[in-house]
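# Coordinate inspection notes
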Amino acid sequence: MNADKTDSATPVALVTGGARGIGAHISRALARSGYHVAIGYSSRPQPAQAFADSLKEEGGFASIHQGNIGEPGDCERVVHEVMSSHGRIDVLVNNAGITVDKTVRRMSTEDWRAVVRVNLSGAFHMSKAVLDQMVERGFGRIINISSLIGQTGGFGQANYAASKSGLFGFTKSLALEVALKGVTVNCVAPGAIETEMLEAIPGEALDRMLEKIPMRRFGTGQDIARAVMFLADPEASYITGQVISVNGGWEM
Ligand SMILES: NC(=O)c1ccc[n+]([C@@H]2O[C@H](COP(=O)([O-])OP(=O)(O)OC[C@H]3O[C@@H](n4cnc5c(N)ncnc54)[C@H](O)[C@@H]3O)[C@@H](O)[C@H]2O)c1
């Protein structure tokens, strides 16, 4: 763990999978807005530390925290680590996610469980771990990164789609439970975003995807980070249980 010294007035954001892809854009946007960013990573400390150092070089505050969000004990430990060092978590972004794409006929029970364990149960365990201190302080923002695929379904993506749709129900239910406590819970549903996930898709399939997007471009990590920053703002206090789709108009 590497933590910079911040004072108790510095707001703290915890971003799971915050060192790369969309998560890195979210972490950078939070750091540039003055948050201490606690960056969750699962297995590779060097790139996570290099990313945190790059945020610090820009004048931000950042620390890295290892944990597999598929393990409830890891979620509790990471939150405990951040609380011990920084005393508060104002914003939780449940960003970490995985895909194991196969048609249902080929999908094993473990393929199903692996994706649901990280994408859906991970958000549950992380949210549960941060909630008490948010409720006690009367302030919190939980932002779950879902997906367009959770809204439309996806060929060969039953596990991923189910986990991402599940986040909608989870978000709305938790939003109801904490509506009187100063804690808002919302979802951002990205469409096709330029990350390693897209790089794995063959060119022809990418062209077919572009035809479906009214804006005829893929989204960027910044597009998603902007929606997250909007929901994270203390002023966004009357928005809860909502899904903001950031998809270039792909699904309206
Ligand atoms: N890229 C897209 O087009 C797209 C579209 C819709 C939704 N999303 C969602 O956005 C989020 C970020 O996606 P991305 O494209 O940046 O993916 P990515 O693979 O680049 O990043 C995922 C991050 O999650 C972390 N992670 C994975 N499993 C973990 C675990 N068990 N414990 C802790 N961390 C773990 C990884 O280390 C990585 O940092 C995901 O939830 C993804 O489903 C992405």
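Up top is the structure.
To keep things clear, this report deals only with the structure shown in the data block. (Residues numbered from 1 in each chain as written. Predicted model: local features only at pLDDT ≥ 70, side-chain atom pairs only at ≥ 80, totals over all residues. Heavy atoms only, no water.)

## Focus on the side chain of Thr171
We apply this condition: Helix and strand assignments come from DSSP, with helices taken as H or I runs of at least 4 residues and strands as E runs of at least 2, each series counted from the N terminus. The contact criterion used throughout is that any non-hydrogen atoms of two residues lie within 4.5 Å.
Counting through the fold element by element, Thr171 comes out in helix 6 (residues 158-178). Residue contacts for Thr171: discarding those within four places in its chain leaves Asn144, Val185, Asn186, Cys187, Gly241 and Gln242.

## Focus on the site of the ligand
Heads up, the condition is: When at least one non-hydrogen atom of a residue lies within 4 Å of a molecule or strand, that residue is treated as near it. Counted as a polar contact is a pair of N or O atoms within 3.5 Å, where, for protein atoms, one must be capable of donating a hydrogen and the other of accepting one, and residues adjacent in sequence contribute only when both atoms are in side chains. To be clear on the numbers: accessible area is Shrake-Rupley with a 1.4 Å probe, and residue cover counts the displayed protein chains and nothing else. Residue classes follow a fixed rule: Ala, Val, Leu, Ile, Met, Phe, Trp, Tyr, Cys and Pro count as nonpolar, while Asp, Glu, Lys and Arg count as charged, and any other residue, Gly among them, counts as polar.
As a matter of local geometry, the ligand sits amid 24 residues, with Arg20, Ile22, Asn68, Asn95 and Tyr160 nearest to it. Between the ligand and Arg20, the relevant distance is 2.7 Å, taken from an oxygen atom to a side-chain nitrogen or oxygen of the residue. Here a nitrogen atom of the ligand sits 2.8 Å away from a polar atom, N or O, in the side chain of Thr195. In the complex, 91% of the free accessible area of the ligand, which totals 830 Å², lies under the protein chains. Going through the elements one at a time, helix 1 (21-32) and helix 6 are the ones with two or more residues in the shell around the ligand. Partitioning the shell around the ligand into residue classes produces eleven nonpolar, eleven polar and two charged.

## Looking at the side chain of Asn186
Quick reminder of the rule: Under the scheme applied here, a residue whose accessible area is under 20% of the maximum for its type counts as buried, over 50% as exposed, and between as partly exposed, the area being computed with a 1.4 Å probe on protein chains only.
By secondary structure assignment, the location of Asn186 is in strand 6 (residues 183-190). Judged by its relative accessible area of 0%, Asn186 falls in the buried class. Within polar-contact distance, the side chain of Asn186 engages the backbone nitrogen of Gly241 at 3.2 Å.

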